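Per-entry structural report
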Amino acid sequence: MFDLDLLKYLEGFLTERRKHRFEQVLAKRTNFLTVAIEDVYQLHNTSAVIRSCDAFGVQTVHVIENRFGKRLDKNIAMGAEKWVDVHRHQTTTACIDRLKTDGYHIIATTPNENGNELSDVKVTKKTALFFGTERDGLSGEVLKRADGFLSIPMQGFSESLNISVAAAIILQKLTKDLRTSSVQWQLSENELLEKRMDWTKKSIKGVERVIERYLTT
């Protein structure tokens, strides 16, 4: 059961400006749209995608670590990752199974003649956007199990964009569309309370000792 009294106690350690900022950001957060990153080799690209999720209000990111998990363990730590929920999966199968169980529509972002151009895509159901490696793109499993495909039309000689650039373009467009739609894309009341608690704890130095004092008074 959520301890609302503890939340209010901890929020007493924050400035009003900080609390107001949390409320502003959370009001625009969504789990209706999520992102899955499959085996991205360049670590700065993974971090850049997570920063884009934070910037455009996507609360949850899924990182698949088939091959490069140990390297990611040392590098996904601070920055935007503090405010975005990063779920780690050892295999693509585990990630897709989890998302489908949670009711997500799987969309593979890849050049595909059968896919929809970004300008034609409307998010009307819970959607997980999959982004693949810089060298090989998405795995065959993602392409086989995807419910749809999304591409960014290219007008020049380049046939694709860097993953971090593609993610930023796609997320900016789709999150903007969501917020002007009739879809209930916002976080639930429970999700809002949980994130307020999470972010408040992360903002208080020595929060474990603060909570211990609260529990013993």
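Everything that follows concerns the structure shown earlier in this document.
The sections below set out a description of the structure shown in this document.

Within the chain one finds 9 helices and 7 strands. Counting all 217 residues of the chain, 46% fall into the buried class. Of the contacts formed within the chain by residues at least 6 apart in sequence, a portion of 82% connects residues at least 24 apart. By element, 49% of the accessible surface of the chain is carried by carbon and sulfur atoms, the whole surface being about 12,200 Å².

Next up on the list: the packing of helix α1 (residues 4–11) against helix α9 (residues 207–215). How two helices pack is summed up by the angle between their axes together with the distance between the axes. With their axes 11 Å apart at the nearest point, α1 and α9 run at an angle of 125° to one another. What the angle tells us is that α1 and α9 run oblique. Relative to α9, the crossing made by α1 is right-handed. Contacts from Asp5, Leu6, Tyr9 and Leu10 of α1 reach α9 at Val207, Val210, Ile211 and Tyr214. For the contact of α1 with α9, the residue count by class is 7 nonpolar, no polar and 1 charged.

Any two side chains of opposite charge can pair, so long as their charged atoms come close to each other. Under the defined criterion, the tally for this structure stands at 13 salt bridges. Here arginine 196 and glutamate 11 are joined by a salt bridge, their closest N and O atoms 2.9 Å apart. With arginine 196 in helix α8 (residues 189–202) and glutamate 11 in helix α1, this residue pair connects regions lying 185 residues apart in the sequence. Ionic pairing is found between lysine 19 and glutamate 16, a salt bridge with its closest N-O pair at 2.8 Å. You can see lysine 19 and its partner glutamate 16 sitting in helix α2 (residues 16–26), 3 residues apart, about one turn around the helix. The class for glutamate 16 is exposed, based on a relative accessible area of 58%.

You can see serine 182 is positioned in the loop between α7 (163–179) and α8. Residue classification places serine 182 among the exposed residues on the basis of a relative accessible area of 70%. For the pair formed by serine 182 and threonine 124, sequence separation is 58 residues and the distance between their alpha carbons is 9.1 Å.

For the rest of this paragraph, the subject is the pairing of strand β6 (residues 127–131). Among the 5 residues that make up β6, 5 are buried, leaving the element largely enclosed by the rest of the structure. Sheet topology note: the strand β1 (residues 33–38)/β6 ladder contains 5 bridges and is parallel. Its bridge partner lying in β6, alanine 36 is registered against phenylalanine 130. Bridge analysis of strand β4 (residues 105–109) against β6 gives 4 bridges, and the strand direction is parallel. Across the sheet, isoleucine 107 pairs through a bridge with leucine 129, a residue of β6.

Below, the discussion takes up the sheet that holds strand β7 (residues 148–151). An order of β3-β2-β1-β6-β4-β7-β5 is seen for the 7 strands of this open sheet, with the pairing classed as parallel. A single partner strand is all that each edge strand has here, and the edge strands are β3 (85–89) and β5 (116–117). Bridging between β1 and strand β2 (residues 60–64) involves 4 bridges; their strand directions are parallel. Note on β2: the bridge partner recorded for valine 35 is valine 61.

Let us look at a nonpolar patch on the surface. A surface patch of nonpolar side chains, amounting to about 210 Å² of accessible area, comprises Leu161, Val165 and Ile169. As for its placement among the helices and strands, valine 165 is situated in helix α7. By relative accessible area, valine 165 is classed as partly exposed at 40%.

Moving on, we get to the packing of α1 against α8. Two elements in contact, α1 and α8, have axes separated by 10 Å at closest approach and are oriented at 40°. By the angle between their directions, the pair α1 and α8 is classed as oblique. Considering how the two elements wind past one another, α1 and α8 form a crossing that is left-handed. Seen from α1, the contacting residues are Leu4, Leu6, Leu7, Leu10 and Glu11; seen from α8, they are Leu193, Arg196, Met197, Thr200 and Lys201. The class makeup of the residues in the contact of α1 with α8 is 6 nonpolar, 1 polar and 3 charged.

Definitions and limits used
Residues numbered from 1 in each chain as written. Predicted model: local features only at pLDDT ≥ 70, side-chain atom pairs only at ≥ 80, totals over all residues. Heavy atoms only, no water. Helix = DSSP H or I, 4+ residues; strand = E, 2+ residues; numbered from the N terminus. Buried < 20%, exposed > 50% of the residue type's maximum accessible area, 1.4 Å probe, protein only. Contact = heavy atoms within 4.5 Å. Areas by Shrake-Rupley, 256 points an atom, 1.4 Å probe, with all protein chains shown as cover. Axes fitted to C-alpha atoms, helices over the stretch in contact; angles between N-to-C directions. Parallel < 35°, antiparallel > 145°, perpendicular 65-115°, else oblique. Left-handed = near helix turned anticlockwise from the far one by under 90°. Nonpolar A, V, L, I, M, F, W, Y, C, P; charged D, E, K, R; others polar. Salt bridge = Lys/Arg side-chain N within 4 Å of Asp/Glu carboxyl O. Pairing = 2+ DSSP bridges. Patch = residues over 30% accessible without salt bridge, like charges linked within 9 Å, V, L, I, M, F, W, Y side chains within 5 Å.

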